[in-house]
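Here is how the chains run, residue by residue.
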Amino acid sequence: MRGTVETIAAPADEPAAAVPERGSAFEVLRIFLRLGMTSFGGPVAHLGYYRAEFVERRKWLDEHTYADIVALWQFLPGPTSSQVGITLGIMRAGFLGALAAWIGFTMPFM
């Protein structure tokens, strides 16, 4: 029929995508500084610490989103755990959050 628009609704059992909650750069710095001082092991271990902290404990993002972020940075060149941390900082508090995540996690190693 001409002039009609069909809409396709998502099934009722699928939850709507949640908008991530915003936080402060200080919050990101505090959490990543604690992780930086207590996380031992290499990049793979760091990814596990991030998952436990931000997916399971704080619920900043869901499992699928976290897996997508890790997969993206494993595909691209560079230090995966640092890039994932910076991405989590951006998602939580913008570019200042990214800087806070990087400083907080790497400062204890300096």
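Given the structure is predicted, the values throughout are model-derived calculations rather than measurements. (Residues numbered from 1 in each chain as written. Predicted model: local features only at pLDDT ≥ 70, side-chain atom pairs only at ≥ 80, totals over all residues. Heavy atoms only, no water.)

### Here we look at the confidence of the model for the protein
For clarity, the cut-off: Each residue carries a pLDDT score, the predictor's own confidence in it, on a scale running from 0 to 100. Residues count as neighbours in contact if any of their non-hydrogen atoms are within 4.5 Å of one another.
Scored by pLDDT, the protein has a mean of 86; 81% of the residues are at 70 or more. Of the regions scoring below 50 in pLDDT, residues 4-10 engages in 0 contacts with residues more than four places distant in sequence or in other chains.

### Comments concerning unusual backbone geometry
Our working rule: Secondary structure counts use DSSP, requiring at least four H or I residues in a row for a helix and at least two E residues in a row for a strand, with both numbered from the N terminus. Relative accessibility decides the category of a residue: with a 1.4 Å probe and only protein chains considered, values under 20% of the type maximum give buried, values over 50% give exposed, and everything between is partly exposed.
Notably, lysine 59 is not glycine yet its phi reads approximately 55 degrees, a positive angle. Here lysine 59 lies in the loop between α2 (43-57) and α3 (63-75). Looking at lysine 59, the relative accessible area reads 62%, which means it is exposed.

### Focus on α3
What counts is decided by this rule: A helix is expected to reach a length of 1.5 Å times the quantity of its residues less one. Directions pointing from the helix axis toward each C-beta atom define the arc.
Given a rise of 1.5 Å per residue, 13 residues ought to cover 18 Å, and the 18 Å separating the end C-alpha atoms of α3 matches this to within 8%. Regarding α3, the residues found buried are Tyr66, Ile69 and Val70. Down the axis of α3, the buried set is contained in an arc of 95 degrees. They therefore lie on one face. Exposed side chains of α3 directed beyond 90 degrees from the buried face belong to His64 and Phe75. Along its buried surface, α3 packs onto α2 and α4 (80-106).

### Here's the deal with the packing of α2 against α3
Applied cut-off: Each axis is a line fitted through C-alpha atoms, and for a helix only the stretch in contact is used; angles between axes span 0 to 180 degrees, taken between their N-to-C directions. Roughly parallel refers to an angle under 35 degrees, roughly antiparallel to one over 145, roughly perpendicular to one between 65 and 115, and oblique to any angle outside these ranges. Two helices crossing with the near one rotated counterclockwise from the far one by less than a right angle form a left-handed crossing, whereas a clockwise rotation gives a right-handed crossing. In the scheme used here, Gly and all other residues not listed as nonpolar or charged are polar, with Ala, Val, Leu, Ile, Met, Phe, Trp, Tyr, Cys and Pro taken as nonpolar and Asp, Glu, Lys and Arg as charged.
Taken N-terminus to C-terminus, the directions of α2 and α3 make an angle of 155 degrees; their axes are 11 Å apart at the nearest point. On the basis of their axis angle, the class for α2 and α3 is roughly antiparallel. As for how α2 packs across α3, the hand of that crossing is right-handed. Contact residues: α2 offers Leu47, Tyr50, Arg51 and Val55, while α3 offers Glu63, Tyr66, Val70 and Gln74. Grouping the constituent residues of the contact of α2 with α3 by class yields 5 nonpolar, 1 polar and 2 charged.

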